[in-house]
Amino acid sequence: MALFWHFLLRDIRSRYLGSLTGLLWAVLHPALQLLLYATVFQHIFKARVVGAESHGFVAFVGVGFWAWVLFAESSSRATTAVLDQAALIGKVKLSAQMLVTASVCGTAAVHLFGYTVALIILAASGTAMHWQGALLVPLVIAMLLLLTLGFAYLLSAIQVFIRDLAQIISQVLAFWFFLTPVVYSREMLPAFAREWMAWNPLTYYPERLRQLLLDGELAFGAADAYALLIAFLVFAIGTFAFRRLQRHFEDFL
Amino acid sequence: MTALVQMQGVAKRYPLVHRKADRMRALVRLLFGLKGEQNITVLEDVTLSIRAGESLGIIGENGAGKSTLLKVLTGVLHPSSGTVAVHGSLAALLELGAGFHPEYTGRQNIATAAALMGMSTSDTAQKIDEIIEFADIGRYIDEPIKHYSTGMVVRLGFAIVAARKPQLLITDEVLAVGDESFQKKCVRWIEEYLSGGGTLLLVSHSMYHVQKLCKHALWMHQGRVRAYGDVFEVTQDYLAYHERKTAKEAEAEKRVPVSTEGYRVESIWLNGRSEELPLVLPEGRGLEISAEVYTPDARIPHIAIGLIRADGTAVYGTSSEIDKALATRVSDTMVRYSLRLDALPLLPGGYTLRFHAMDPEGLRVFDTQTRDLVIRGDCREFGLVRLSHQWH
């Protein structure tokens with residue numbers, strides 16, 4: 001456990017190693033990104049997003065965006081988590097799975113900090129938010145973390161064997177972003193596409209966060225149970241595959 | 001006494017992973033719980049047990065599997081078959097700078113290494129001054145490791161291990177990198193550690209270190225245990241093996257075909273034994289030699305006997321012609337010579353006895369037969385033979 005914290009802190013520190021402002025970036029980055037989306041979509045594209053009218057576009061995107069960033073960046077960073085530590089794995093006894101967990105949690109911690117800052121900025125700039133919903137947000141984030149961990153285990157284990165995966169996954173994530181209702185809402189799509197999007201396990205998270213924080217829909221239902229099931233399933237598959245393969249990492253690193 | 005480490009039939013094999021298709025196939029096979037294809041054997045059937053308080057040196061040529069053995073033992077690598085059980089705390093210094101991150105400072109790396117060895121944060125904080133003092137690398141402790149010399153990296157690594165005071169200490173040929181004074185410091189520390197009941201596993205190419213620090217030695221050869229036992233016996237055999245290997249390489253170039261016609265040495269007895277296996281003798285013992293020489297023409301041939309060290313250095317030679325020794329006739333076509341070498345002053349190591357059949361004039365060599373001889377002992381003098389001496 002001490003080792004886990006050590007690597008978690010090391011992961012976080014390594015992002016800011018040598019940078020002047022250090023953790024200030026964790027605040028600056030989300031704020032700038034929100035500003036960017038506001039400028040591009042609201043003032044240049046004059047985008048009209050169904051469902052975003054009542055809260056404003058910035059709030060609409062801001063509430064769901066970090067869920068995606070957390071998932072995408074954790075996955076892509078964790079993909080090479082085992083490979084990056086090849087020097088350690090072949091020379092020191094340590095749990096490779098712990099390294100991946102530390103990588104995911106490090107990324108998640110940075111973005112959860114950013115998310116908190118973003119929500120505070122939104123609330124301070126006049127967005128009406130449901131505080132009862134905010135209390136339930138950690139539950140949704142926990143599910144997202146479970147899903148992300150499972151996905152990260154799977155990717156990092158396969159990356160040891162097939163080195164192209166890191167390249168492929170960055171392309172896949174770029175597409176995946178636009179297949180997930182982060183900067184638009186599902187209501188804007190034709191009926192058949194809306195149905196298809198239910199198959200995307202990431203659809204749930206930005207939508208549910210908006211419901212909780214902006215619309216105040218607090219009741220949990222079948223959609224939540226389904227998302228929880230998927231998260232557990234992905235976590236189980238990822239863990240299983242990782243455990244199967246980790247004995248053999250040393251032969252392929 | 002309890003076994004600290006127990007290895008049973010351990011093997012380590014690696015798959016061939018050069019081609020993309022191989023890696024893909026391996027991934028699919030492993031995911032479905034099938035055994036991967038493993039084609040390169042690095043360790044085979046290693047059984048070993050190390051008891052608390054023991055000091056074992058592991059020796060062998062490059063690529064004999066010494067480092068792999070240690071990695072399997074420490075749990076860094078998983079054995080392809082067999083079992084490894086370790087009871088008790090261990091600390092290993094496996095490779096130069098293993099576990100160190102080049103971008104971080106010495107101080108930060110101490111924290112990582114300590115965490116990797118399972119030391120708690122408070123424990124590390126307590127010992128950090130002790131570690132820094134032992135490493136003795138001055139202001140470099142706050143510089144990134146990438147600016148260190150190899151010697152400094154070893155100093156730091158050893159200092160961390162020393163602070164850990166494990167039940168089992170494992171080091172892999174790292175002492176050789178440090179300078180003279182640091183090596184001495186390490187050796188002194190290890191001796192103290194051993195006398196305090198510590199257990200040591202040392203891989204080294206320096207027989208001096210192995211003999212000084214270890215009671216037992218294990219000789220790895222092509223992934224297998226070739227010899228295990230008393231440190232002096234095993235290291236002497238190992239050195240003799242190297243001497244023979246060098247001699248063989250040199251001899252291969254200048255070997256002359258020996259005539260099979262005419263006189264030849266038919267059979268040899270060393271202390272009454274006729275088999276071709278090396279004869280093992282404790283130092284200072286005598287040696288009874290007899291040899292039968294075949295003669296095609298009923299005349300009495302001479303015999304020459306030479307003693308060389310395993311690397312080909314001549315020690316002594318004589319012949320029945322020089323000594324005017326007489327043969328006993330065994331039959332019309334066979335004569336026998338017998339002689340005794342009293343209290344051999346040879347130092348422990350590998351030697352070869354050479355027997356040459358010569359014509360009755362003692363001019364021409366007809367045949368060569370050899371027998372290997374191993375002298376055992378735990379003396380640490382140098383050279384070939386012991387010269388009788390007294391200190392005043």
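Residues numbered from 1 in each chain as written. Chains lettered and ligands numbered in written order. Predicted model: local features only at pLDDT ≥ 70, side-chain atom pairs only at ≥ 80, totals over all residues.

Caption draft 1: Structural context of the overall build of chain A. In terms of helices and strands, chain A carries twelve helices and zero strands. In chain A, the succession of α and β elements from N to C terminus is α-α-α-α-α-α-α-α-α-α-α-α. With the C-alpha coordinates of chain A rotated into their principal frame, the extents come out at 55 × 45 × 35 Å. Counting across all 253 residues of chain A, residues that qualify as buried make up 41%. Here the analysis covers contacts within chain A between residues at least 6 apart in sequence; of these, 82% occur between residues at least 24 apart. (Helix = DSSP H or I, 4+ residues; strand = E, 2+ residues; numbered from the N terminus. Buried ≥ 20, exposed ≤ 12 C-beta atoms within 10 Å, placed from the backbone. Contact = placed C-beta atoms within 7 Å.)

Caption draft 2: Structural context of the overall build of chain B. When you go through chain B residue by residue, the secondary structure sums to nine helices and 18 strands. Taking 21 Å as the expected radius of gyration for a compact globule of 392 residues, we find that chain B reaches 28 Å, considerably beyond that expectation. Over its C-alpha atoms, taken along the principal directions, chain B stretches across nearly 90 × 70 × 40 Å. For chain B, the residues scored as buried account for 37% of the 392 residues in total. Of all intrachain contacts in chain B linking residues separated by at least 6 positions in sequence, the fraction that spans at least 24 positions is 72%. (Rg over C-alpha atoms; globule rule 2.2 N^0.38 Å.)

Caption draft 3: Focus on unusual backbone geometry. Residue and element names in this part refer to chain B. The backbone phi angle of lysine 165 is positive, close to 45°, even though this residue is not glycine. Mapped onto the elements of the fold, lysine 165 is located in the loop between α5 (150–164) and β6 (168–172). Classification of lysine 165 as partly exposed rests on a count of 13 C-beta atoms within 10 Å. Residues other than glycine seldom take positive phi values, yet lysine 324 does so here, at roughly 55°. Looking at the element boundaries, lysine 324 is found in the loop between α9 (320–323) and β15 (328–331).

Caption draft 4: Up close: the environment of methionine 143 of chain A. Residue and element names in this part refer to chain A. Locating methionine 143 in the fold gives a position in helix α7 (residues 131–161). Its 20 C-beta neighbours within 10 Å are what place methionine 143 among the buried residues. The spatial distance from the C-alpha of methionine 143 to the C-alpha of leucine 229 is 9.4 Å, given a sequence separation of 86 residues. Once residues lying within four places of it in the same chain are set aside, the contact partners of methionine 143 are Ala227, Leu228 and Ala231.

Caption draft 5: Representation of the nonpolar core in the model. In this structure, Val100 and Leu144 of chain A together with Ile58, Ala159, Ile160, Leu201 and Ala217 of chain B are the most contacted members of the largest nonpolar core, which totals 142 residues. If you look at the next biggest cluster of nonpolar residues, it comprises 21 residues, including Leu281, Ile303, Val335 and Tyr337 of chain B. (Core = buried A, V, L, I, M, F, W, Y, C linked by C-beta atoms within 7 Å.)

Caption draft 6: Looking closely at the interface of chain A and chain B. Taken together, the contacts link 20 residues of chain A with 25 residues of chain B. Of all the secondary structure elements, the ones that give two or more residues to the side of chain A that touches chain B are α1 (2–16), α7, α11 (222–246) and α12 (249–252) of chain A. For the side of chain A that touches chain B, the per-class residue count stands at eleven nonpolar, three polar and six charged. (Nonpolar A, V, L, I, M, F, W, Y, C, P; charged D, E, K, R; others polar.)

Caption draft 7: Molecular detail of the sheet that holds strand β1 (residues 3–14) of chain B. Residues and elements named next belong to chain B. Read across the open sheet, the three strands follow the order β2-β1-β4; overall the sheet is antiparallel. In this open sheet, the two edge strands, each paired with only one partner strand, are β2 (40–51) and β4 (81–86). Strand-to-strand, the axes of this sheet are offset by a mean angle of 15°, without reference to chain direction. Bridge analysis of β1 against β4 gives five bridges, and the strand direction is antiparallel. Following the sheet pairing, methionine 7 is matched in β4 by valine 84. (Pairing = 2+ DSSP bridges. Axes fitted to C-alpha atoms, helices over the stretch in contact; angles between N-to-C directions.)

Caption draft 8: Highlighting the pairing of strand β16 (residues 334–341) of chain B. All names here are of chain B. Bridge count between strand β12 (residues 287–294) and β16: eight bridges; the pairing is antiparallel. If you follow glutamate 288 over to β16, its bridge partner there is arginine 340. The turn joining β15 and β16, which pair antiparallel and follow one another in sequence, is formed by two residues.

Caption draft 9: Spatial organisation of the sheet that holds β15 of chain B. Residue and element names in this part refer to chain B. Read across the open sheet, the four strands follow the order β10-β12-β16-β15; overall the sheet is antiparallel. The open sheet terminates on both sides in strands that have one partner only, identified here as β10 (264–270) and β15. Averaged over all pairs of adjacent strands, the angle between their axes in this sheet comes to 25°, without regard to strand direction.

Caption draft 10: Spatial organisation of the packing of helix α3 (residues 57–79) of chain A against α7 of chain A. Residues and elements named next belong to chain A. Look at α3 against α7: their axes get within 8 Å of each other, and the N-to-C directions meet at 25°. Taken together, the axes of α3 and α7 lie roughly parallel to each other. When you trace α3 past α7, the crossing you get is right-handed. Taken together, the residues of α7 that come into contact with α3 (itself represented by Ala67, Leu70, Phe71, Ser74, Ser75, Ala78 and Thr79) are Leu144, Thr148, Phe151, Ala152, Leu155, Ser156 and Gln159. Looking at the contact of α3 with α7 residue by residue, the classes come out as eight nonpolar, six polar and no charged. (Parallel < 35°, antiparallel > 145°, perpendicular 65-115°, else oblique. Left-handed = near helix turned anticlockwise from the far one by under 90°.)

Caption draft 11: Inspection of α5 of chain B at higher detail. All names here are of chain B. For α5, spanning 15 residues, the distance from its first C-alpha to its last is 22 Å, which sits close to the expected 21 Å at 1.5 Å a residue. Burial analysis of α5 places 13 of its 15 residues in the buried class, the great majority of the element. Phi turns positive one or two residues past the end of α5, at lysine 165, with a value near 45°. (Expected span 1.5 Å × (residues − 1).)

Caption draft 12: Local environment of the environment of alanine 81 of chain A. All names here are of chain A. Looking at the secondary structure, you find alanine 81 in helix α4 (residues 81–84). For alanine 81, a count of 26 C-beta atoms within 10 Å corresponds to the buried category. Sequence separation between alanine 81 and alanine 59 is 22 residues, and the spatial gap between their C-alpha atoms is 33 Å. In this structure alanine 81 touches Leu99, Val100, Ser103 and Ser156, once residues within four positions along its chain are discounted.

Caption draft 13: Spatial organisation of the environment of serine 388 of chain B. Relative to the elements of secondary structure, serine 388 of chain B occurs in the segment after β18 (365–376). Along the primary structure serine 388 of chain B and proline 345 of chain B are separated by 43 residues, whereas in three dimensions their C-alpha atoms are 8.7 Å apart.

Caption draft 14: Geometry of the confidence of the model for chain A. Looking at chain A, pLDDT values average 86 and 96% of them are 70 or higher. Looking over chain A, one finds the lowest element-wise mean pLDDT in helix α2 (residues 24–44) of chain A, namely 76, and the highest in α11 of chain A, namely 94. (pLDDT = per-residue confidence, 0-100.)

Caption draft 15: Structural view of the pairing of strand β5 (residues 90–93) of chain B. Residues and elements named next belong to chain B. The alternating pattern of β5 places Leu90 and Ala92 and Ala91 and Leu93 on opposite faces, both of which are buried. Across four bridges, the pairing between β5 and β6 is parallel. Bridge assignment links leucine 93 to a residue of β6, and that residue is threonine 171.

Caption draft 16: Just α7 of chain A, in detail. For α7 of chain A, spanning 31 residues, the distance from its first C-alpha to its last is 46 Å, which sits close to the expected 45 Å at 1.5 Å a residue. By the largest-angle criterion, valine 137 of chain A marks the main kink of α7 of chain A, which is about 30°, and a proline, proline 138 of chain A, follows within four residues. (Bend = angle between axes of the 7 residues up to and from the residue.)

Caption draft 17: The arrangement of the confidence of the model for chain B in detail. Residues and elements named next belong to chain B. Taken over all residues, the pLDDT of chain B has a mean of 85, while the share at 70 or more is 96%. For residues 255–259, every residue scores under 50 in pLDDT, and the model assigns this stretch three contacts once sequence neighbours within four places are set aside. Across the whole predicted complex the pTM is 0.74, and at the interface the ipTM reaches 0.74.

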